[in-house]
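# A structural walkthrough
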Amino acid sequence: MRLDLRENANWKGRQEVNAPQRHQQFVFFVESREHVDAAAAERLVRARKMAGYVTPGNAVSYFRWKSPDYFEHEAGARNITADDALRYASGYRVSARWILMGA
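Residues numbered from 1 in each chain as written. Predicted model: local features only at pLDDT ≥ 70, side-chain atom pairs only at ≥ 80, totals over all residues. Heavy atoms only, no water.

In total, this model carries 5 salt bridges according to the counting rule given. In this structure, Asp37 engages Arg43 in a salt bridge whose closest nitrogen and oxygen atoms are separated by 3.7 Å. (Salt bridge = Lys/Arg side-chain N within 4 Å of Asp/Glu carboxyl O.)

Here's what the structure looks like:
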């Protein structure tokens, strides 16, 4: 993960991690794409296949999940939040913890 130390909080395409408390404090920014957990995406694909859904579209249609979000989660283009993990775990009958952390 790459951290940039900036004095100005007006950088586009970056996510603020710590808000400044005083005028002269620095703000850390982290590129949001670098936070994506590729292993979680692989576990999501594995859970889908173990549950018997051959394609992501089959699972999305059956469970009525938001297709763009789900496809991006499986592709590793978007983070899987705790709420997303709970939703997928309920459908695939695995633990949300396993999807997020592999444990």
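Moving on, we come to the packing of helix H3 (residues 67-75) against helix H4 (residues 82-92). In the contact formed by H3 and H4, the axes pass within 12 Å of each other and the chain directions differ by 90 degrees. With respect to H4, the element H3 is oriented roughly perpendicular. Every residue of H4 that contacts H3 at Asp69, Tyr70 and His73 is listed here: Asp84, Tyr88 and Tyr92. Considering only residue class, the contact of H3 with H4 consists of 3 nonpolar, 1 polar and 2 charged. (Axes fitted to C-alpha atoms, helices over the stretch in contact; angles between N-to-C directions. Helix = DSSP H or I, 4+ residues; strand = E, 2+ residues; numbered from the N terminus. Parallel < 35°, antiparallel > 145°, perpendicular 65-115°, else oblique. Contact = heavy atoms within 4.5 Å. Nonpolar A, V, L, I, M, F, W, Y, C, P; charged D, E, K, R; others polar.)

Within the element layout of this structure, Ala47 appears in helix H1 (residues 38-50). Residue Ala47 is classed as buried on the basis of its relative accessible area of 0%. Placed 42 residues apart in sequence, Ala47 and Ala89 show a C-alpha to C-alpha distance of 8.3 Å. (Buried < 20%, exposed > 50% of the residue type's maximum accessible area, 1.4 Å probe, protein only.)

For the rest of this paragraph, the subject is the side chain of His73. Mapped onto the fold, His73 is located in helix H3. The buried category is assigned to His73, whose relative accessible area is 1%. A polar atom in the side chain of His73 sits 3.4 Å from the side chain of Asp84. What His73 contacts, discounting residues up to four positions off in sequence, is Ala41, Leu44, Arg78, Asn79, Ile80, Asp84 and Tyr88. (Polar contact = N/O pair within 3.5 Å; in protein donor to acceptor, adjacent residues only side chain to side chain.)

If you trace the backbone, Leu44 turns up in helix H1. Placed 29 residues apart in sequence, Leu44 and His73 show a C-alpha to C-alpha distance of 7.9 Å. Not counting residues up to four positions away in its chain, the partners in contact with Leu44 are Tyr70, His73, Glu74, Ile80, Tyr88, Tyr92 and Ile99.

We now examine the confidence of the model for the protein chain. Looking at the protein chain, pLDDT values average 77 and 66% of them are 70 or higher. Predicted confidence for residues 1-33 stays below pLDDT 50, and this span has 47 contacts to residues more than four positions away or in other chains. (pLDDT = per-residue confidence, 0-100.)

Across the interface, helix H2 (residues 56-63) lies against H3 with an axial gap of 10 Å and an inter-helix angle of 140 degrees. When the axes of H2 and H3 are compared, the pair comes out oblique. Read as a crossing pair, H2 and H3 show a hand that is right-handed. Judged by residue contacts, Pro56, Gly57 and Val60 of H2 engage Ser67, Tyr70, Phe71 and Glu74 from H3. Of the residues that constitute the contact of H2 with H3, the class distribution is 4 nonpolar, 2 polar and 1 charged. (Left-handed = near helix turned anticlockwise from the far one by under 90°.)

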